[in-house]
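Each chain is listed here by its residues.
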Amino acid sequence: MKRMFASAVCFALLAGCSSMPNMPDMLANSAWKGRPVTEAIDQFGAPSRIDSLVEKQWVVLVYYKSTAYKRREALGTHTGPQNGQIVHTESWGDVTYNSGCEIHVAVNRQRQVARISTKGGYCGSVDIKPNKRA
């Protein structure tokens, strides 16, 4: 009975955490909040696109970063006779995946960063922490 209860509690906690934003985004968001937008432009450069959030009166600077990562994967298998026996062989290799990550920097009317977040493909390799201390 205790195991079932512990499993249910663990499942509930994990289900709740799955909907939370990732930890690097949360840390970067708190570090950027309230900083001048010029610092974000200095760090990320000119935005790829500019959107707006009318209901919050924010302008959102969108930066697109191309990312790539490699994974070792099974490339193929072969089963067939070899020296009078049936042999199964697998070939492995590095596979490169190209992806893209969007960085969204929301700016309020005071020209301060209100929120920063990442969206899209493989954003784990993109560092969005501020370079300078406030």
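Use the structure listed above.
In this text, all values refer to a predicted model and were calculated from it rather than measured experimentally.

*Asks:* I tried to follow the packing of aromatic side chains on my own but got confused; where do I start?
*Replies:* How two aromatic rings sit relative to each other is set out by the distance from centre to centre and by the angle between their planes. All told, the structure shown has two aromatic pairs when counted by the stated rule. Relative to Phe44, the ring of Trp32 lies with its centre 5.9 Å away and its plane at 35 degrees, an arrangement referred to as tilted. With Trp32 in helix 2 (residues 23-32) and Phe44 in helix 3 (residues 37-44), this pair connects stretches of sequence that are twelve residues apart. Assigned by exposure class, Trp32 and Phe44 land together as buried. Arranged with centres 5.3 Å apart and planes meeting at 40 degrees, the rings of Phe44 and Tyr63 form a pair that is tilted. Remark: Tyr63 occurs in strand 2 (residues 58-82) and Phe44 occurs in helix 3; sequence separation between them is 19 residues. Residue classification places Phe44 among the buried positions, given a relative accessible area of 10%.

*Asks:* Would you mind showing me how to read helix 2 here?
*Replies:* For an α-helix the count is 3.6 residues per turn, leaving residues at separations of three or four pointing the same way. Considered for burial, the residues of helix 2 that qualify are Asp25, Ala28 and Trp32. Seen end-on, helix 2 carries its buried residues on one side only, within an arc spanning 70 degrees. Turned more than 90 degrees off the buried face of helix 2, the exposed positions are Met23, Leu27 and Ser30. The elements touched by buried residues of helix 2 are helix 3 and strand 4 (113-120). Of the residues one or two after helix 2, Gly34 is the one with positive phi, at around 90 degrees.

*Asks:* It is not clear to me how the nonpolar core should be interpreted in this structure. Could you clarify?
*Replies:* Taken as a class, soluble globular proteins show a tendency for nonpolar side chains to be buried jointly. Counting 16 residues, the largest nonpolar core has Trp32, Phe44, Ile103, Val105, Ile116 and Ile128 as the members making the most contacts within it. Of all the elements, strand 3 (residues 85-107) adds the most residues to this core, at four residues. Leave out the neighbours within four places in its chain, and Phe44 touches Trp32, Tyr63, Lys65, Ile103, Val105, Ile116, Asp127 and Ile128.

*Asks:* Would you mind going over unusual backbone geometry with me for this structure?
*Replies:* Backbone geometry follows two general trends: most residues other than glycine have a negative phi, and most peptide bonds adopt the trans configuration. Despite not being glycine, Asn83 has its phi angle at roughly 55 degrees, a positive value. Turning to its location among the elements, Asn83 is positioned in the loop between strand 2 and strand 3. The phi torsion at Arg111 lies on the positive side, around 60 degrees, for a residue other than glycine. The residue Arg111 is located in the loop between strand 3 and strand 4 in this model. Among the residues examined, Arg111 registers a relative accessible area of 64% and is labelled exposed.

*Asks:* Where do I start with the side chain of Thr118 in this structure?
*Replies:* If you trace the backbone, Thr118 turns up in strand 4. Among residues more than four places away in sequence, those in contact with Thr118 are Asp25, Cys101, Glu102, Ile103, Cys123 and Ile128.

*Asks:* What exactly am I supposed to notice about the pairing of strand 2 here?
*Replies:* Successive residues of a regular strand alternate their side chains across the two faces of the sheet. Alignment of strand 1 (residues 49-53) against strand 2, held across five bridges, turns out to be antiparallel. Its bridge partner lying in strand 2, Ile50 is registered against Leu61. Hairpin connection of strand 1 to strand 2: four residues between the antiparallel strands, including Gln57 at a positive phi of 55 degrees. When strand 2 meets strand 3, the two strands line up antiparallel, connected through 23 bridges. Counterpart to Thr77 in the pairing with strand 3 is Glu90.

Thresholds, definitions, all that
Residues numbered from 1 in each chain as written. Predicted model: local features only at pLDDT ≥ 70, side-chain atom pairs only at ≥ 80, totals over all residues. Heavy atoms only, no water. Phe/Tyr/Trp six-rings, centres within 6.5 Å; stacked < 30°, edge-to-face > 60°. Helix = DSSP H or I, 4+ residues; strand = E, 2+ residues; numbered from the N terminus. Buried < 20%, exposed > 50% of the residue type's maximum accessible area, 1.4 Å probe, protein only. Arc of directions from axis to C-beta. Contact = heavy atoms within 4.5 Å. Core = buried A, V, L, I, M, F, W, Y, C linked by side-chain atoms within 4.5 Å. Pairing = 2+ DSSP bridges.

Read these as geometric descriptors, not functional statements.
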